[in-house]
Amino acid sequence: AGQTLKGFVELSEIYSIIQNVVKYINENYSSDLSLPYLAHKYGMSPGYLSRQFKSVTGVGLNEYINISKVTAAAKLLSESNLSVTKVSELCGYNDSNYFSTVFKKYMGTTPKKYSAEKGEKIKTGSGTQNGRPRRVAPTASEQAALRSDFENKISHTLRCPSFSAKSHVCECLVFINAHIYAF
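The sections below set out a description of the structure shown in this document.

Some words on the side chain of Thr57
Next, step 1: Tracing the backbone through its elements, the reader meets Thr57 in helix H3 (residues 46–57).
Next, step 2: One polar contact links the side chain of Thr57 to the main-chain carbonyl oxygen of Phe53, over a distance of 2.7 Å.
Next, step 3: For Thr57, the side chain forms a polar contact with the main-chain oxygen of Val59, separated by 2.9 Å.

Encoded structure:
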């Protein structure tokens, strides 16, 4: 029983650290998010952090960093008049061509096309904001439904005996970035 409790405490500490890493990535997507930097920041070796991150989330650290950056970029492209190059810089990409490649991988379209088509993808209210259609936030009941759906997905994922459901976890991470924190 003592060994099981010790393992649970260690696992709990790892989950807490990974949760902090995810929060840091989401809040600092434009800064240095290299594996060596994050490992040093959280007092782990790069290999150990990488393995633990993937073990806990089911998604590789670099993949999650890209998901976070692309989510932020999509929000900037849909809510501003910034160029794709400027958005790529603001999201921590030094090469706008690489940014476009990564963006297309996760969003299914190029940043330029996404920016041009955003008016069709956004709910619009009356009037505009900065020459763009005004984004209408979900109602309280829609937000509650989104949170409930997300919590059910995460709960199901955490109950899985293994974390082999990478696409399911990735879908959850994209879901929370795109829906819960978008407004």
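Focus: the nonpolar core
Next, step 1: Judged by nonpolar contacts, the single largest core of 19 residues is most densely connected at Ile18, Val21, Ile25, Leu38, Leu49, Phe53 and Leu61.
Next, step 2: Among the elements of the structure, helix H1 (2–27), helix H2 (35–41), H3 and helix H4 (61–79) are those that each provide at least two residues to this core.
Next, step 3: Looking at this core, the element that brings in the most residues is H1, giving 6 residues.
Next, step 4: Grouped together as the second largest cluster of nonpolar side chains are 13 residues, Ala73, Val84, Cys91 and Tyr93 included.

Here we look at H3
Next, step 1: With 12 residues, H3 should cover 16 Å at 1.5 Å per step; its first-to-last C-alpha distance of 16 Å lies within 8% of that length.
Next, step 2: Taken as a whole, H3 has its buried residues at Leu49, Gln52, Phe53, Val56 and Thr57. Angular distribution of buried residues about the axis of H3 spans 105°; they occupy a single face of the element.
Next, step 3: Gly58 sits one or two residues past H3 and shows a positive phi near 85°.

Here we look at the packing of aromatic side chains
Next, step 1: Enumeration over the complete set of coordinates arrives at 6 aromatic pairs.
Next, step 2: Aromatic side chains Phe53 and Tyr64 sit 5.9 Å apart centroid to centroid with 50° between the ring planes, which places their arrangement in the tilted category. Here Phe53 is found in helix H3, whereas its partner Tyr64 is found in helix H4, with 11 residues between them in sequence.
Next, step 3: Relative to Phe103, the ring of Phe99 lies with its centre 5.7 Å away and its plane at 55°, an arrangement referred to as tilted. A residue pair is termed a helical-turn pair when its members lie 3 or 4 positions apart in one helix, as Phe99 and Phe103 do in helix H6 (residues 96–107) at 4 residues.
Next, step 4: Looking at Phe103, the relative accessible area reads 0%, which means it is buried.
Next, step 5: Clustering of aromatic rings is evident, with ring pairs tying together Tyr93, Tyr98, Phe99, Phe103 and Tyr114.
Next, step 6: The ring centre of Tyr42 lies 5.6 Å from the NZ or CZ of Lys41, which sits over that ring.
Next, step 7: A cation sits over an aromatic face here: Lys69 above Tyr93, 4.9 Å from the ring centre.

Reading guide: rules and limits
Residues numbered from 1 in each chain as written. Predicted model: local features only at pLDDT ≥ 70, side-chain atom pairs only at ≥ 80, totals over all residues. Heavy atoms only, no water. Helix = DSSP H or I, 4+ residues; strand = E, 2+ residues; numbered from the N terminus. Polar contact = N/O pair within 3.5 Å; in protein donor to acceptor, adjacent residues only side chain to side chain. Core = buried A, V, L, I, M, F, W, Y, C linked by side-chain atoms within 4.5 Å. Buried < 20%, exposed > 50% of the residue type's maximum accessible area, 1.4 Å probe, protein only. Expected span 1.5 Å × (residues − 1). Arc of directions from axis to C-beta. Phe/Tyr/Trp six-rings, centres within 6.5 Å; stacked < 30°, edge-to-face > 60°. Lys NZ or Arg CZ within 6 Å of the ring centre and 35° of its normal.

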